[in-house]
Amino acid sequence: MGRFAVIGAGTMGSGIAQVAARAGFDVVLRDVAPEYLDRGLTTIAASLDRDVKKERLTPAQKDEILARIHPTTELAAVKDAEIVVEAIVENFAAKAALFSELDALTRPEAILATNTSSISITKIGAVTKRPTQVIGMHFMNPVPVMPLVEVIRGRATSDATTNAILELGAKLGKTCLIANDFPGFVSNRILMPMLNEAMFALYEGVATREAIDGIMKLGMNHPMGPLTLADFIGLDVCLAILDVLYEGFGDPKYRACPLLRQYVAAGWLGRKTGRGFYEY
């Protein structure tokens with residue numbers, strides 16, 4: 001699987017492109033505007049610079065990795081890819097439109113993967129004529145650091161596609177663990193109710209934000225408290241995933257905390273906007 005394409009040069013897409021280029025793949029990195037590509041490439045260069053400083057890479061190796069990444073605003077540039085990984089906004093309509101285009105554009109044997117953290121792989125696959133070759137590759141943030149890829153099989157995903165992605169994950173230096181296509185898969189089905197419960201504890205005045213985070217860090221050995229983690233993920237993303245869980249299962253235990261809805265409505269989305277449960 002030599003030709004690799006990533007759609008979306010944001011936090012996740014740029015990280016996936018970096019990991020693939022570092023593993024020796026030539027990577028087409030596509031986004032809709034040059035400024036998004038520039039920002040993504042700047043992030044990749046800064047990440048590789050840290051590895052050079054720590055002597056994990058030589059400056060020449062860094063330059064080789066960057067040279068393997070080919071930025072473009074043209075979707076047609078991905079037409080020869082054998083694997084396309086989509087990392088755009090967490091919105092079904094946007095993903096469905098893109099997968100329909102990719103299905104028409106790419107070679108028939110190409111695998112189309114999505115980095116979605118909660119949207120149904122089966123539904124995404126159903127907009128294509130190749131649902132057997134559609135699969136979830138849910139990388140964790142930050143992609144260059146986190147070892148896991150949650151691999152999600154849609155109802156129609158074939159064994160051959162799954163095995164190809166497991167092989168690819170190994171080449172990328174990742175540990176792949178398989179989940180079936182249910183709302184939130186495994187990672188967010190377990191994580192989001194925990195974050196939501198921490199928000200309810202704050203909302204109900206059980207403890208301060210610092211105490212809630214401190215208890216989970218010091219008592220449960222979590223590297224980051226749940227409210228800090230929610231700010232890091234983005235409160236809008238947390239809300240979108242909780243809504244997917246709530247709608248997908250129809251179970252009130254997944255209903256989003258009203259405080260979370262209020263913060264998102266206020267534009268307090270966490271670290272990326274300078275304010276969430278904490279100020280940045």
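Because the structure is predicted, anything quoted here is derived from the model rather than measured. (Residues numbered from 1 in each chain as written. Predicted model: local features only at pLDDT ≥ 70, side-chain atom pairs only at ≥ 80, totals over all residues. Heavy atoms only, no water.)

(A) Molecular detail of the pattern of salt bridges. One pass over the structure, following the stated rule, counts 15 salt bridges. Residues E86 and K95 are paired through a salt bridge, measuring 2.5 Å at the closest nitrogen-oxygen approach. Exposure remark for E86: the relative accessible area of 0% places this residue in the buried category. A salt bridge links D243 to R261, with the shortest nitrogen-to-oxygen separation between them at 2.7 Å. (Salt bridge = Lys/Arg side-chain N within 4 Å of Asp/Glu carboxyl O. Buried < 20%, exposed > 50% of the residue type's maximum accessible area, 1.4 Å probe, protein only.)

(B) Quick look at the UniProt feature "domain: 3-hydroxyacyl-CoA dehydrogenase C-terminal" (unreviewed entry) in the protein. Taking the UniProt record as the reference, the feature "domain: 3-hydroxyacyl-CoA dehydrogenase C-terminal" (unreviewed entry) is found at residues 184–280. Here residues 184–280 is 63% helix and 0% strand, with 28 Å between the C-alpha atoms at its ends. (UniProt positions renumbered as here; feature names shortened; annotations may be inferred. Helix = DSSP H or I, 4+ residues; strand = E, 2+ residues; numbered from the N terminus.)

(C) Geometry of the packing of aromatic side chains. Under the definition given, this model contains 5 aromatic pairs. A centroid spacing of 5.2 Å and a plane angle of 80° characterise the contact between Y263 and W268, whose relative ring orientation is edge-to-face. Its relative accessible area of 28% is what places W268 among the partly exposed residues. Each residue in the set Y263, W268 and F277 is aromatic and connected to the rest through ring pairs, giving one cluster. Over the ring of F92 we find K123, and its NZ or CZ is 4.3 Å from the ring centre. The ring centre of W268 lies 3.6 Å from the NZ or CZ of R275, which sits over that ring. (Phe/Tyr/Trp six-rings, centres within 6.5 Å; stacked < 30°, edge-to-face > 60°. Lys NZ or Arg CZ within 6 Å of the ring centre and 35° of its normal.)

(D) Main features of the packing of helix α7 (residues 187–203) against helix α11 (residues 258–266). For the pair α7 and α11, interaxial distance at closest approach is 8 Å and the crossing angle is 90°. Considering their axes alone, α7 and α11 lie roughly perpendicular with respect to each other. Here α7 contributes M199, F200, L202 and Y203 to the contact with α11, which in turn contributes P258, L259 and L260. Across the contact of α7 with α11, the residue classes tally to 7 nonpolar, no polar and no charged. (Axes fitted to C-alpha atoms, helices over the stretch in contact; angles between N-to-C directions. Parallel < 35°, antiparallel > 145°, perpendicular 65-115°, else oblique. Contact = heavy atoms within 4.5 Å. Nonpolar A, V, L, I, M, F, W, Y, C, P; charged D, E, K, R; others polar.)

(E) The sheet that holds strand β2 (residues 26–30), seen in detail. What the 8 strands build is an open sheet, ordered β3-β2-β1-β4-β5-β6-β7-β8; its pairing is mixed. Bordering the open sheet on either side are β3 (69–72) and β8 (175–180), each of which pairs with just one other strand. Neighbour-to-neighbour, the strand axes of the sheet open up by a mean angle of 25°, direction not taken into account. Contacts from helix α4 (residues 92–105) reach β1 (3–7), β4 (83–86), β5 (111–114) and β6 (134–139), with the element oriented near 165° to β5. (Pairing = 2+ DSSP bridges.)

(F) Expanded view of the pairing of β8. Where strand β7 (residues 148–153) and β8 come together, 6 bridges link them in parallel fashion. Within β8, the residue paired with I152 across the bridge is A179. Where the polypeptide runs from β7 across helix α6 (residues 159–171) and back to β8, its parallel neighbour, the crossover connection is right-handed. (Right-handed = clockwise from strand over helix to strand, strands pointing away.)

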